[in-house]
Amino acid sequence: MIPASPAGRTGLVLAVLASAVLGGASTAQEASTGAAQEALGPSVTLTPEQEARAREIEGALRCPVCRSQSIRQSRSFMAEDMKRRIRELIAEGRSDDEIHDFFVERYGPWILLDPPKRGFNLAAWLLPGAAVVAGAVGLVIAARRWASRSPARASVEPPPASPYLDRLERELEETE
Amino acid sequence: MKRFLLLGVLAAVFAVLAYALTRETTLASPLIGRAAPGFAFSLFEPVGADPVAPAGSRLALSDLAGKPVVLNFWASWCLSCRDEAAVLETGWRRYGPDVAFVGIAVNDEPDAARAFIARYGKTYFLGPDQSGAVAVDYGLYGVPETFFIGPDGRVLARHVGPLTHEDLDRRLADLTAGRAGRATGDPDLVTPLDRGDDPR
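Residues numbered from 1 in each chain as written. Chains lettered and ligands numbered in written order. Predicted model: local features only at pLDDT ≥ 70, side-chain atom pairs only at ≥ 80, totals over all residues.

1. Quick look at the interface of chain A and chain B
- Contacts between the two partners involve 15 residues from chain A and, on the opposite side, 18 residues from chain B.
- Going through the elements one at a time, α4 (77-91) and α5 (96-107) of chain A are the ones with two or more residues in the side of chain A that touches chain B.
- Broken down by element, the side of chain A that touches chain B gets its largest block of residues, six residues, from α4(A).
- Considered class by class, the residues forming the side of chain A that touches chain B number seven nonpolar, two polar and six charged. (Contact = placed C-beta atoms within 7 Å. Helix = DSSP H or I, 4+ residues; strand = E, 2+ residues; numbered from the N terminus. Nonpolar A, V, L, I, M, F, W, Y, C, P; charged D, E, K, R; others polar.)

Structural data, given as structure tokens:
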């Protein structure tokens, strides 16, 4: 794929120089993602921003083989294939939502580690918040009930008189 | 009364959890009823007595338009694929060429795949999914998996795990009648496309 025209060749040289400069300024993390990309074999080359997007999407997709891991964490064949596909789709100019939809169309919504925020799945997002609110309301009600009950009990009910205690004191006095 | 209400709420929560945790998610395919994802690959060298296409020539799904297609994903390292190898070859000899049979080797070494083809005398369209793109396009979990594509190019059914002769006959009756079928099979018999399961 080396361009035949001199202008094309100049462009290629400029691109190589630019990537060398960018490469020199890159952080250690970018270097490691570069190595990961190399491990995937022949694949599309992405800009650092696109690479960051690819990593983000990888973290949101479930690995079909290991199930509880994202494909970013997984080293299975299937995850590697999916990572490569994500990069191809990014290079084609697809948006993050379009890439998520691409995988949902093939694997179902199960492939998303975070369930989509609609329908029955909304429960997963709303229930924890609702539980916290219900707990807080319950605590407030219980605290109020305790607060109103304890001083009332102290004033209304005097300590019960015990006939045994009276008798004990009387007998003690008699023995003295 | 209050205690019954609390028990009721707890039972409902457990029922929802039990449903969510035991629901089978791998069998159904969102592709059923939709246009089959296109593919194109170079065929392995023909082996066996009845080569269906010249070696190295390319096959695309669009070449098979108007025909029902049995699209099987397999690998030479997959044990269940050995069980169904004869089923597919018998099916091809019986129903082909009116029904196209296509076998795509996933994550396989070409030489190992060719040896597998020779060993089981396979003669239908066989080629590698070199980049793994076709496997992802069909939402594969492992091998073997088989998709049944109608003459109009829509996915009619998916079978997870090895096919038996009965499975194939039933599926092909549906396929030639253009009926959509339920997803069938046993996900436990699928070898996941996992690095750990690869003997290479």
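2. Details of the pairing of strand β7 (residues 145-149) of chain B
Residue and element names in this part refer to chain B.
- The element β7 is extensively covered by neighbouring structure, given that five of its five residues are classed as buried.
- With five bridges joining them, strand β3 (residues 69-74) and β7 adopt antiparallel strand pairing. Paired with Val70 across the two strands is Phe148, which belongs to β7.
- Relative to strand β8 (residues 155-160), β7 runs antiparallel, the two being bridged by five bridges. Note on β8: the bridge partner recorded for Thr146 is His159. (Buried ≥ 20, exposed ≤ 12 C-beta atoms within 10 Å, placed from the backbone. Pairing = 2+ DSSP bridges.)

3. So, the confidence of the model for chain B
Residues and elements named next belong to chain B.
- Of the residues in chain B, 79% reach a pLDDT of 70 or more, and the chain-wide mean stands at 81.
- The secondary structure element of chain B with the lowest average pLDDT is strand β9 (residues 184-185), at 65, and the one with the highest is β3, at 94.
- Per-residue pLDDT stays below 50 along residues 47-51; that stretch engages in nine contacts with residues further than four places along the chain or on separate chains.
- Taken as a whole, residues 195-200 scores under 50 in pLDDT and shows nine contacts with residues more than four places along the chain or in a different chain.
- In the predicted assembly, ipTM is 0.70 and pTM is 0.66. (pLDDT = per-residue confidence, 0-100.)

4. Regarding the nonpolar core
- Counting residues in hydrophobic clusters, the biggest one holds 63 residues, and the most contacted among them are Ala75(B), Phe101(B), Val102(B), Val106(B) and Ile149(B).
- Those residues in contact with Phe101(B) that sit more than four places away from it in its chain are Val70(B), Leu88(B), Gly91(B), Trp92(B), Gly96(B), Tyr124(B) and Phe125(B). (Core = buried A, V, L, I, M, F, W, Y, C linked by C-beta atoms within 7 Å.)

5. Observations concerning α5(A)
- The end-to-end C-alpha distance of α5(A) is 17 Å, a good match for the 16 Å that twelve residues give at a rise of 1.5 Å each.
- Every buried residue of α5(A) is listed here: Ile99(A), Phe103(A), Arg106(A) and Tyr107(A). Down the axis of α5(A), the buried set is contained in an arc of 85°. They therefore lie on one face. In α5(A), those exposed residues whose orientation departs by more than 90 degrees from the buried face are Asp97(A), Glu98(A) and Asp101(A).
- Those residues of α5(A) that are buried lie in contact with α3 (48-60) and α4 of chain A together with α4 (133-137) of chain B.
- Immediately beyond the C-terminal end of α5(A), within one or two residues, lies Gly108(A), with a positive phi of roughly 90°. (Expected span 1.5 Å × (residues − 1). Arc of directions from axis to C-beta.)

6. Observations regarding the packing of helix α2 (residues 79-95) of chain B against helix α5 (residues 165-176) of chain B
Residue and element names in this part refer to chain B.
- Relative to each other, α2 and α5 sit at 40°, their axes nearing to 10 Å. The two elements α2 and α5 cross, and the hand of that crossing is right-handed. Packed against α2, whose contacting residues are Val87, Thr90, Gly91 and Tyr95, the element α5 presents His165, Leu168 and Leu172 at the interface.
- For the contact of α2 with α5, the class distribution of residues is four nonpolar, three polar and no charged. (Axes fitted to C-alpha atoms, helices over the stretch in contact; angles between N-to-C directions. Left-handed = near helix turned anticlockwise from the far one by under 90°.)

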